[in-house]
Amino acid sequence: MSTDAVTGTDPVSDAPDVATLSYEQARDELVQVVSRLETGGEPLEASLALWERGEALAARCQEWLDGARERLAAAQQGSASSAESPEDAE
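These figures come from a predicted structure and were not determined experimentally. Per chain, residues are indexed from 1 in the order of the written sequence. The predicted nature of this model means local features are confined to residues of pLDDT at least 70 and side-chain atom pairs, given and counted, to a pLDDT of 80 or more, with totals for whole chains, interfaces and linings taken over all residues. Hydrogen atoms and water are omitted, and side-chain values are computed over all heavy atoms in the structure.

K.L.:
I'm lost on the overall build of the protein in this one. Help?
P.N.:
The helix and strand tally for the protein stands at 3 helices and 0 strands. The numbering of helices and of strands both runs from the N terminus, where a helix is a DSSP run of H or I of at least 4 residues and a strand a run of E of at least 2. Counting from the amino terminus, helix and strand elements in the protein follow one another as α-α-α. Expressed as a percentage of its 90 residues, the buried residues of the protein come to 18%. Residue contacts are counted whenever heavy atoms from the two residues lie within 4.5 Å of one another. Summarising the internal contacts of the protein: among those between residues at least 6 apart in sequence, 66% fall at separations of at least 24. Residue exposure ignores everything except the shown protein chains as possible cover, and the areas themselves are Shrake-Rupley values with a 1.4 Å probe. When the accessible surface of the protein is summed, it comes to about 6500 Å², and 54% of that surface belongs to carbon and sulfur atoms. Buried residues are those whose accessible area, probed at 1.4 Å on protein chains only, stays under 20% of the maximum for their type, while exposed residues exceed 50% and partly exposed ones sit between those limits.

Right, here's the structure in full:
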């Protein structure tokens, strides 16, 4: 996402707020950012902006994964306690 030479705008700054992205949206954009950085050819400032965006996207993905892990653990605890047999209750 390089700076547009005609308008001088930076598409990274025009991108949606990371906090509003779903896991899939953040993951897909992160893949694009990594690809752009690996390809190279971006000016230093654009590369830094991409890196920062990538870090924010990675953190957002981690938030989603942590939340999913917590929900799964809570569901497993709930099903484990409800699966207790009458013999175990004695």
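K.L.:
Teacher, can you tell me more about helix H1 (residues 23-39) here?
P.N.:
Residues spaced three or four apart along an α-helix point in a common direction, a consequence of the helix completing one turn every 3.6 residues. By this rule the span expected of a helix is its residue count minus one, scaled by 1.5 Å. The end-to-end C-alpha separation of H1 is 24 Å, in line with the 24 Å expected for 17 residues at 1.5 Å each. The complete set of buried residues in H1 reads Ala-26, Glu-29 and Val-33. Around the axis of H1, the buried residues are gathered within 75 degrees of arc, so they sit on the same side. Opposite the buried face of H1, by more than 90 degrees, sit the exposed residues Val-31, Glu-38 and Thr-39. The directions considered for the arc run from the helix axis to the C-beta atoms.

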